[in-house]
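Coordinate inspection notes
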Amino acid sequence: QVQLVESGGGLVQPGGSLRLSCAASGSFFRINAMGWYRQTPGKERELVARISRGGSTTYADSVQGRFTISRDNAKNTVYLQMNSLKPEDTAVYYCKAEILLYSGNYLDYWGQGTPVTVSS
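Below is a summary of the structure that appears in this document.

Covered by surrounding structure in strand S11 (residues 114-118) are Thr114, Val116 and Val118 only, the residues Pro115 and Thr117 on the alternate face being uncovered. With three bridges joining them, strand S2 (residues 10-12) and S11 adopt parallel strand pairing. Bridged to Gly10 within S11 is Val116. Relative to S11, strand S9 (residues 91-100) runs antiparallel, the two being bridged by three bridges. Considered in S11, the bridge of Val92 is made with Pro115.

Written out as structure tokens, the structure is:
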């Protein structure tokens, strides 16, 4: 059983900052890429940022220069530092981990989501 547990969401004023965390636990061989996605009502879930096991990063154009993704492989944890937040960043944020199981299968696991609201 693999679980991803997110934390760090909340209410923040425009221009403020939040840091999201997502920790993976359970029985698995290795975590490959990890990422953050977000979703608002009526819209598809979209990629915010992704980081490979080696640290290569990809960002959505809308967050480039404001958000920073990082990870701690020893702690099986991925972070998303969000600065200069805008109202349009309001969404439920989900983390995803691409996990190699001991069976040799790769599976994607998702967290439960953490809400972020940017409003004055």
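Still more to cover.
This paragraph deals with unusual backbone geometry. Only a minority of non-glycine residues have a phi that is not negative, and only a minority of peptide bonds are not trans. In the Ramachandran plot, Asn76 falls in the positive-phi region, its phi being about 50° despite a non-glycine side chain. Of note in the backbone geometry, Ser84 takes a positive phi value of approximately 50° without being a glycine. Mapped onto the elements of the fold, Ser84 is located in the loop between strand S8 (77-82) and S9. Assessed through its relative accessible area of 40%, Ser84 is described here as partly exposed.

Below, the discussion takes up the environment of Tyr59. Positionally, Tyr59 belongs in strand S6 (residues 57-59). Counting along the chain gives 23 residues from Tyr59 to Trp36, while the straight-line C-alpha distance between them is 9.6 Å. Among residues more than four places away in sequence, those in contact with Tyr59 are Val48, Ala49, Gln64, Phe67, Thr68 and Ile69. Among the polar contacts made by the side chain of Tyr59, one reaches the main-chain amide nitrogen of Ile69 at a distance of 2.9 Å.

Conventions and cut-offs
- Residues numbered from 1 in each chain as written.
- Predicted model: local features only at pLDDT ≥ 70, side-chain atom pairs only at ≥ 80, totals over all residues.
- Heavy atoms only, no water.
- Buried < 20%, exposed > 50% of the residue type's maximum accessible area, 1.4 Å probe, protein only.
- Helix = DSSP H or I, 4+ residues; strand = E, 2+ residues; numbered from the N terminus.
- Pairing = 2+ DSSP bridges.
- Contact = heavy atoms within 4.5 Å.
- Polar contact = N/O pair within 3.5 Å; in protein donor to acceptor, adjacent residues only side chain to side chain.

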